[in-house]
Amino acid sequence: SEGEANPAQEREFWMRMEKVLGSVEEQTGQQEVQLTLELVKKLKSQLHIPKMFEEAVTIVKGKLESAQKFNHLMKELPVGEIQTAPDLPATAAAINKVLD
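In this report, we go over the structure that sits alongside the text.

About the criteria used
- Residue numbers run consecutively from 1 along every chain, following the written order of its sequence.
- Per-residue local features are limited, in this predicted model, to residues with pLDDT of at least 70; the limit for side-chain atom pairs, both in listing and counting, is 80 or more; totals at the level of whole chains, interfaces and linings are taken over all residues.
- To obtain the side-chain values, all non-hydrogen atoms of the structure were included, while hydrogens and water were left out.
- For the purposes of this entry, the term helix denotes a DSSP run of H or I that reaches at least four residues, the term strand denotes a run of E that reaches at least two, and both are numbered from the N terminus.
- Residue exposure (1.4 Å probe, protein chains only): buried if accessible area is under 20% of the type maximum, exposed if over 50%, otherwise partly exposed.
- In protein, a polar contact requires one atom able to donate a hydrogen and another able to accept it; more generally it is a pair of N or O atoms within 3.5 Å, and residues adjacent in sequence count only if both atoms are side-chain atoms.
- Interaxial angles span 0 to 180 degrees and are taken between N-to-C directions of axes, which are lines fitted to C-alpha atoms, for helices over the stretch in contact.
- The contact criterion used throughout is that any non-hydrogen atoms of two residues lie within 4.5 Å.
- Lys, Arg, Asp and Glu make up the charged group, whereas Ala, Val, Leu, Ile, Met, Phe, Trp, Tyr, Cys and Pro make up the nonpolar group; the residues left over, Gly among them, are polar.
- Here, a salt bridge means any side-chain nitrogen of Lys or Arg that lies within 4 Å of a carboxyl oxygen of Asp or Glu.
- With the far helix as reference, a near helix turned anticlockwise by less than a right angle produces a left-handed crossing, and one turned clockwise produces a right-handed crossing.

**What to know about the environment of Thr58**
You can see Thr58 is positioned in helix α3 (residues 49–76). Its relative accessible area of 54% is what places Thr58 among the exposed residues. Distance from Thr58 to Glu25, taken between C-alpha atoms, is 9.5 Å for residues 33 residues apart in sequence. A polar contact is formed between the side chain of Thr58 and the backbone oxygen of Glu54, at a distance of 3.0 Å.

**Some details on the packing of helix α2 (residues 31–42) against α3**
Running from N to C, α2 and α3 point in directions that differ by 145°, and their axes come no closer than 9 Å. Where α2 approaches α3, its residues Val33, Gln34, Leu37, Val40 and Lys41 are matched on the opposing element by Ile49, Pro50, Phe53 and Glu54. Per-class residue counts for the contact of α2 with α3 are 6 nonpolar, 1 polar and 2 charged.

**Side note on the pattern of salt bridges**
Inspection of every chain in the model, using the stated rule, returns 2 salt bridges. Notably, a salt bridge pairs Arg16 with Glu12, separated by 2.8 Å at the nearest N-O pair. With Arg16 and Glu12 both in helix α1 (residues 7–28) and 4 residues apart, the pair spans about one turn of that helix. A salt bridge links Lys69 to Glu65, with the shortest nitrogen-to-oxygen separation between them at 3.2 Å. Taken together, the residues Lys69 and Glu65, both in helix α3 and 4 residues apart, mark about one turn of the helix. Given the relative accessible area of 43%, Glu65 is considered partly exposed.

**Remarks on the packing of α1 against α3**
Where α1 meets α3, the axes come as close as 8 Å, and the angle between the chain directions of the two elements is 145°. The handedness of the crossing between α1 and α3 is left-handed. Where α1 abuts α3, its residues Pro7, Glu10, Arg11, Trp14, Met15, Met17, Glu18, Leu21, Gly22, Val24, Glu25 and Thr28 lie against Phe53, Val57, Val60, Lys61, Lys63, Leu64, Ala67, Gln68, Phe70, Asn71, Met74 and Lys75. Looking at the contact of α1 with α3 residue by residue, the classes come out as 13 nonpolar, 4 polar and 7 charged.

In structure tokens form, the structure reads like this:
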């Protein structure tokens, strides 16, 4: 039905998620960003920007870790073989590859 993803779309989603989050993490670690954050901290900003930034970086790192774990799992699953298996024995054989 509409809105449901097939396994290939799910895999693509998580691969893109990992790529985007990795890029965000890389950007937040850049010297310019760190310098700006240090400057804001030294100015003792009343806007709570440093704390909000640090919380956002922590969230991104957690989401990136989740995406990496999911992608690692998806690489090991024979999704294509399971989907295209012509019969139950072939499906069982594909599933057994994961369990062995």
